[in-house]
Structure formats: C-alpha cells, structure tokens
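# Inside the fold
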Amino acid sequence: GSDVVAPESLVKDEADNFLNDMRYQLAQQGFSLEQYVQLTGIAMDKLEEDCRLQAETFVKQRLVLEAIAEKEGLEVTDADLDAEFENLSKMYNQPADVVRNMFTQRGQVSLVKRNILMEKVAASFEAKENGISGVIATTDEETRRILSDNLGMLVEKINANGTCRLQQIGGSRP
C-alpha cells in the first residue's frame, strides 16, 4: 500500500472545502445543496462521504506534490499568483482584482497556489527525461505509479477546482 498518510484534520478541511465549493457552484445555478440532494436523490451522507474520500485522495496527492516541489526547489511567487489571476480574469471575463477578491472571499487562494505549484511540478517532470521515478525515488512504487499515471488528470482536476463532481441540473453552464 501507499506510505502517504493523509492527516484527518487536513482531510476534514478539504472535504468541507469541496462541500462549500459545491454549495457555491449550485448557488450560481440558483439551487441550494438541499435542493440538489432532493433533485438527484443522492443521500446527504453519501455526498459527504464522497467528498471525504475525494478529499483524502486529494490530500495524499497534495502531500506528495508538495514533497516533490520542496525537493525540486519549486515555489509559488507573488508574480506567479498575479499572472494566474490575470489568466483567470480572462476566463471569468472580470478584472483580475475582482477575480482575486472572489477567490479570497471563497477561501480558495490556496487552491490557486496549489494549481500553480502542480503545473510547475508537472513541467519539472516533463523536463526530466528519467521521469517521475528519478524525481522522487524516496516515494513508494504505488504512489509513483499513481502519480505518473495521473499527473495530467491531476492537473486537469485541480484546474477544475478539484471539486466533488456535480451532476448537471437543468441547462448547462460554461
């Protein structure tokens, strides 16, 4: 098995973040979480458990990625953050400071930083011909395999805010 242990407090915080983000996304579509649960027929405790399981995986991946970033001397600078908010401002079609405030109010600046760090780690892997095993030889085989198999998906997932998946309700939104 994997030797990466996800501390329960981090898992709980991340699961709460996932649920809060779901609430926010639903509110943008004019629904409450409670309405969503009724409409989809998913039990609330099942939803919470899904978020908890996803949070556990997410925390393990984050710990491994942070270890790699540290080993590689990768960090997120203020300039990186400014550039990312500029990119996001184009995506949201809002000024960068408005987008920054939105992420700050939602407590998601750390997600943005994690996203940047993950992209740097991914770029660092791509730059190394010997791939992931040479980067973090200290990590057990299973974690290396999971990371090398899922790196692209991981980056995509985090780019999508790393949220518990929302089943589509009604009309689709961009």
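The text that follows walks through the structure, step by step, so that each part is easy to find. All figures in this text were calculated on a predicted structure; none of them were measured in a lab.

Quick look at the packing of aromatic side chains now. If you walk through the whole model with that rule in mind, you get three aromatic pairs. With 5.4 Å between their ring centres and 65 degrees between their planes, Phe18 and Phe58 make a pair best called edge-to-face. Linking Phe18 in helix H1 (residues 8-28) with Phe58 in helix H3 (residues 44-72), this pair joins segments that are 40 residues apart in sequence. Both residues of the pair, Phe18 and Phe58, count as buried. Ring geometry for Tyr92 and Phe103: centres 6.0 Å apart, planes at 75 degrees, overall edge-to-face. With Tyr92 in helix H4 (residues 78-92) and Phe103 in helix H5 (residues 96-105), this pair connects stretches of sequence that are 11 residues apart. For Tyr92, a relative accessible area of 30% puts it in the partly exposed group. An aromatic cluster is built from Phe85, Tyr92 and Phe103, whose rings are joined through pairwise contacts.

A word on H4. Taking 1.5 Å of rise per residue, the 15 residues of H4 would be expected to cover 21 Å, and the 21 Å separating its terminal C-alpha atoms lies within 8% of that figure. Buried within H4 we find Leu81, Glu84, Phe85, Leu88 and Ser89. Viewed end-on, H4 has its buried residues packed into an arc of 150 degrees, placing them on one side of the element. Those residues of H4 that are exposed and aimed more than 90 degrees away from the buried face are Ala79 and Lys90. Positive phi appears at Asn93, one or two residues downstream of H4, with a value of about 60 degrees.

The subject of this paragraph is empty space enclosed by the protein. Tallying each qualifying case throughout the model produces one cavity of 30 Å³ or more. By volume, the largest cavity is sized at about 40 Å³. Every residue along the wall of the largest cavity is listed here: Arg62, Leu65, Glu66, Arg114, Leu117 and Met118. Where the lining of the largest cavity is concerned, the elements lending two or more residues are H3 and helix H6 (109-127).

Relative orientation of the contacting elements H1 and H3 amounts to 120 degrees, with a least axis distance of 8 Å. Classified by the interaxial angle, the pair formed by H1 and H3 is oblique. Helix-helix and strand crossings are classified by hand; for H1 and H3 the assignment is right-handed. Within the contact between the two elements, H1 uses Glu8, Leu10, Val11, Glu14, Ala15, Phe18, Leu19, Met22 and Arg23 and H3 uses Met44, Leu47, Glu48, Cys51, Arg52, Gln54, Ala55, Glu56, Phe58, Val59, Arg62 and Leu63.

Basis of the calculations
Residues numbered from 1 in each chain as written. Predicted model: local features only at pLDDT ≥ 70, side-chain atom pairs only at ≥ 80, totals over all residues. Heavy atoms only, no water. Phe/Tyr/Trp six-rings, centres within 6.5 Å; stacked < 30°, edge-to-face > 60°. Helix = DSSP H or I, 4+ residues; strand = E, 2+ residues; numbered from the N terminus. Buried < 20%, exposed > 50% of the residue type's maximum accessible area, 1.4 Å probe, protein only. Expected span 1.5 Å × (residues − 1). Arc of directions from axis to C-beta. 1 Å grid on protein atoms, 1.4 Å probe; cavity = no way out; pocket = protein on both sides within 12 Å on 5 of 7 lines; lining within 4 Å. Points joined across faces, edges and corners; volume = space filled by probe spheres on them. Axes fitted to C-alpha atoms, helices over the stretch in contact; angles between N-to-C directions. Parallel < 35°, antiparallel > 145°, perpendicular 65-115°, else oblique. Left-handed = near helix turned anticlockwise from the far one by under 90°. Contact = heavy atoms within 4.5 Å.

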